[in-house]
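# Working through the structure, step by step
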Amino acid sequence: MLADIANLAKLQQLLADDPLFADIKLAAVTYDPAFDTPARLKAYGRDRGVRFDERTKFVRTVTI
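Residues numbered from 1 in each chain as written. Predicted model: local features only at pLDDT ≥ 70, side-chain atom pairs only at ≥ 80, totals over all residues. Heavy atoms only, no water.

## A few points about the pairing of strand β1 (residues 26-29)
Side chains Leu26 and Ala28 of β1 all project onto a buried face; the interleaved residues Ala27 and Val29 project onto a face where none is buried. Bridging between β1 and strand β2 (residues 56-59) involves four bridges; their strand directions are parallel. If you follow Ala28 over to β2, its bridge partner there is Phe58. Each parallel crossover has a hand, and the one from β1 via helix α2 (residues 38-47) to β2 is right-handed. (Buried < 20%, exposed > 50% of the residue type's maximum accessible area, 1.4 Å probe, protein only. Helix = DSSP H or I, 4+ residues; strand = E, 2+ residues; numbered from the N terminus. Pairing = 2+ DSSP bridges. Right-handed = clockwise from strand over helix to strand, strands pointing away.)

Here is the structure:
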């Protein structure tokens, strides 16, 4: 997963300055929501260069 998130960060950087991609949204979904808490996901992404904003999110599924 490390390479995937690092690539997501690179893609985010490429899209950030291009007005043609202003409506593109990026997301990563965890496969282990019991381990990947919101704080852990945020730290993991930031450590790999992801800038979280209204267009870029990490999400986790939870059971109801």
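Having seen it, we continue.
## Some remarks on the side chain of Thr56
Secondary-structure assignment places Thr56 in strand β2. A distance of 2.9 Å separates polar atoms of two side chains, one belonging to Thr56 and the other to Gln12. With residues near it in sequence (within four places) discarded, Thr56 still touches Gln12, Leu26, Val50 and Arg51. (Polar contact = N/O pair within 3.5 Å; in protein donor to acceptor, adjacent residues only side chain to side chain. Contact = heavy atoms within 4.5 Å.)

## Digging into the nonpolar core
Residues Ile5, Leu8, Ala9, Leu15, Leu26, Ala28, Leu41, Val50 and Phe58 constitute the largest nonpolar core, which totals nine residues. When contributions to this core are tallied by element, the ones reaching two or more residues are α1 (2-16) and β1. The element best represented in this core is α1, accounting for four residues. With residues up to four places along the chain from it excluded, the contact list for Ala9 reads Arg48, Gly49 and Val50. (Core = buried A, V, L, I, M, F, W, Y, C linked by side-chain atoms within 4.5 Å.)

## Considering the confidence of the model for the chain
On average, the chain scores 88 in pLDDT, and the residues at 70 or more come to 94%. Across the chain, element-level confidence peaks in α2 with a mean pLDDT of 95 and bottoms out in α1 with 85. (pLDDT = per-residue confidence, 0-100.)

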